Amino acid sequence: MRAPLRALVVLLAMPLAPAAAGSNHDTGIRAAAQGIGDPLPGLTAEELAFFQAGLQDFVVRASVQGDAVIPGTESGLGPRFNLDSCAGCHAQPAAGGTSPAVNPQVAMASAAGATNRVPWFVAPDGPIREARYVARPDGSRDGSVVQMYVITGRTDAPGCSLRQPDYGAAGDPVTGQGGDPNVIFRIPTPVFGGGLIEAIPDQAILDNMRARAFAKMLLGISGHPNVSGNDGSITRFGWKAQNKSLLMFAGEAYNVEQGVTNALFGNEREEDPGCAFNPLPEDFASFVTDPGTAHAGITKFAAFMRFLAPPAPAPDTPAIVRGRAVFASTGCVLCHTPTLRTGKARTAALSEQPVSLYSDLLVHDMGVGLADGVSQGTAGPREFRTAPLWGLGYRIFLLHDGRTRDLGDAIEAHASPGSEANVVVRRYRQLGSDDRQALVAFLRSL
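Cut-offs used in this document
Sequence positions are assigned chain by chain, starting from 1 and proceeding in written order. Residues qualify for local features only when their pLDDT is at least 70, as the model is predicted, and side-chain atom pairs are given and counted only at 80 or more; totals for whole chains, interfaces and linings, by contrast, use all residues. To get the side-chain values, all heavy atoms of the structure are used, and hydrogens and water are removed first. Pairing of aromatic rings covers Phe, Tyr and the six-membered ring of Trp, with a centre-to-centre limit of 6.5 Å; geometry is then stacked below 30 degrees between planes, edge-to-face above 60, and tilted otherwise. Secondary structure elements follow DSSP: runs of H or I of four or more residues count as helices, runs of E of two or more count as strands, with numbering from the N terminus. A simple rule labels every residue: compare its accessible area, found with a 1.4 Å probe on the protein chains alone, to the largest value its type can have, and call it buried under 20%, exposed over 50%, or partly exposed in between. Note on definitions: a residue-residue contact is assigned when non-hydrogen atoms from the two residues lie within 4.5 Å. Here a salt bridge means any side-chain nitrogen of Lys or Arg lying within 4 Å of a carboxyl oxygen belonging to Asp or Glu. Each nonpolar core is a collection of buried residues, namely Ala, Val, Leu, Ile, Met, Phe, Trp, Tyr and Cys, held together in the definition by side-chain atoms within 4.5 Å. Patch criteria: residues need more than 30% relative accessible area and no salt bridge. Like-charged residues are merged within 9 Å; nonpolar side chains of Val, Leu, Ile, Met, Phe, Trp and Tyr are merged within 5 Å. In this description, accessible areas are obtained by the Shrake-Rupley approach with a 1.4 Å probe, and a residue is regarded as covered only by the protein chains that are shown. Put simply, a disulfide is two cysteine sulfurs that come within 2.5 Å.

## Observations regarding the packing of aromatic side chains
Then step 1. All told, the structure shown has 14 aromatic pairs when counted by the stated rule.
Then step 2. Arranged with centres 5.2 Å apart and planes meeting at 35°, the rings of Phe-51 and Phe-304 form a pair that is tilted. Remark: Phe-304 occurs in helix H10 (residues 297-306) and Phe-51 occurs in helix H2 (residues 45-59); sequence separation between them is 253 residues.
Then step 3. You can call Phe-304 buried: its relative accessible area is 0%.
Then step 4. Between the aromatic rings of Phe-58 and Phe-301, the centroid separation amounts to 6.3 Å while the plane-to-plane angle is 80°, which identifies the pairing as edge-to-face. Pair noted here: Phe-58 is in helix H2 and Phe-301 is in helix H10, with a separation of 243 residues, a long-range link.
Then step 5. Assessed through its relative accessible area of 2%, Phe-58 is described here as buried.

Here it is as structure tokens:
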């Protein structure tokens, strides 16, 4: 065995040292800056019109039968659902973001007269969550979303008598830990800069994967793309990079999170005839020319996300500059690639642009500590997409299940048996307190 490889084997076999005393202090989220949630610069008037139409639909609430029964709402909610709008989940610090400080799922349980119980893992000051079962009762693998609420009892759903799912033994409502191990959670991913991510060519992702191969090998980092089982192209949206495009992301979320059928997901997940109130699909394109009404909701959602600008980082300070250097020297940059580049795109604002997302868009083995037991596409039960870090300074809840608010805890959670991040976390633990604090300052500046 050659010396570098022998050293690597010894290093990866070493037990992880405990975190150093006096670990870094997370100063908390940044105040929302001017321009957060704005469209990309350089859009045409027509593209801006679609952005605004998409934003309008993104924030509108859904009800079962729509405006005819509950004014100001769109039809299609349920029969099973998690929340009643896109912006309800993607709210922090602006439409397109992630979980807000006050969880709207609590009030949603009884909205419009519904008789739902608030699940144990939904807390007023906790993150918005969706739940999945790892396995079915017969032991076969599951992984699909199990919506927490039903429309039973609502004034716009007379006669419906569905029952809520049973999520088993309760755990900590804020961290989501310690409950039924068959129930796992996801929190909303921010969609800022979605069009720029969508426009990165597959080849750019593969070239970046192969870059600095020896440095990655020495740290035990590998990673691979999640790919479409149909055409083999790289998928890139969602916690496991399981969705190919913004349109697919929008269509699936509309159906799964709000229960609204659409052109991509045209059937209800719950087909109890006593809870069927609308012709399907509930979201559809009409044959008129006004961009606000001609296109289906999922098309407008995708346009909003496609034209939504990424958050701008905070201006540099000495601490941020120092933290950026620490981010590089510890090896964080080997997964959280600072910048990729888009290819030629029909939209000029998306064409051949730098994308400072701090992600390689690959999925990596994060070990037993973060494993959720769910496979999606070619992403296995311990694998997750490298989360883009742009906008991290605005996020209240961290990691895929929102288990912590503290960046130090989130970094520590990357280390566990089998994780590709173990050596990087070991380097982090060896930093002095000033360097750890500078790293936090840099991360919160993004």
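## With respect to the side chain of His-400
Then step 1. By the element assignment, His-400 lies in the loop between strand S12 (383-385) and helix H13 (407-413).
Then step 2. Apart from the residues within four sequence positions on either side, His-400 is in contact with Phe-185, Arg-186, Ile-187, Trp-239, Leu-370, Asp-372 and Phe-384.

## A closer look at the pattern of salt bridges
Then step 1. Within the structure shown, the criterion is met by 18 salt bridges.
Then step 2. Here Arg-136 makes a salt bridge to Asp-142, at a shortest N to O gap of 3.9 Å.
Then step 3. You can call Arg-136 partly exposed: its relative accessible area is 40%.
Then step 4. According to the relative accessible area criterion, Asp-142 is partly exposed, its value standing at 22%.
Then step 5. When salt bridges that share partners are traced, they join Arg-186, Lys-240 and Asp-372 into one network.

## Re the nonpolar core
Then step 1. Counting residues in hydrophobic clusters, the biggest one holds 41 residues, and the most contacted among them are Leu-40, Ile-200, Phe-301, Met-305, Leu-357 and Leu-361.
Then step 2. Those elements that provide at least two residues to this core are H2, helix H3 (86-89), helix H5 (194-198), helix H6 (202-210), helix H8 (246-257) and H10.
Then step 3. The greatest single-element share of this core, amounting to six residues, is contributed by H10.
Then step 4. If near-sequence neighbours (up to four positions away) are discounted, Leu-361 is found in contact with Ile-197, Ile-200, Ile-205, Arg-236, Leu-340 and Arg-385.
Then step 5. Ile-187, Val-326, Phe-384 and Leu-443 belong to the second-largest nonpolar core, a separate cluster that totals 37 residues.

## Brief notes about a nonpolar patch on the surface
Then step 1. Together, Leu-247, Met-248 and Leu-264 make up a nonpolar patch on the protein surface, roughly 210 Å² of accessible area in all.
Then step 2. Tracing the backbone through its elements, the reader meets Met-248 in helix H8.
Then step 3. A relative accessible area of 31% places Met-248 in the partly exposed class.

## Some thoughts on the state of the cysteines
Then step 1. A full pass over the atoms with the stated rule returns one disulfide.
Then step 2. A disulfide bridge connects Cys-160 with Cys-275, and the sulfur atoms are separated by 2.0 Å. The disulfide joining Cys-160 to Cys-275 has a torsion of about 90° about its S-S bond and is therefore right-handed. Here Cys-160, found in the loop between strand S5 (149-150) and strand S6 (183-186), pairs with Cys-275, found in the loop between H8 and helix H9 (291-294); they are 115 residues apart in sequence, far enough to count as distant. We note that Cys-160, like Cys-275, is buried.
Then step 3. Of all cysteine sulfurs, the one in Cys-332 lies closest to Cys-335, which takes part in no disulfide; the gap is 8.8 Å.
Then step 4. On the basis of relative accessibility, which here comes to 14%, the residue Cys-335 falls in the buried class.

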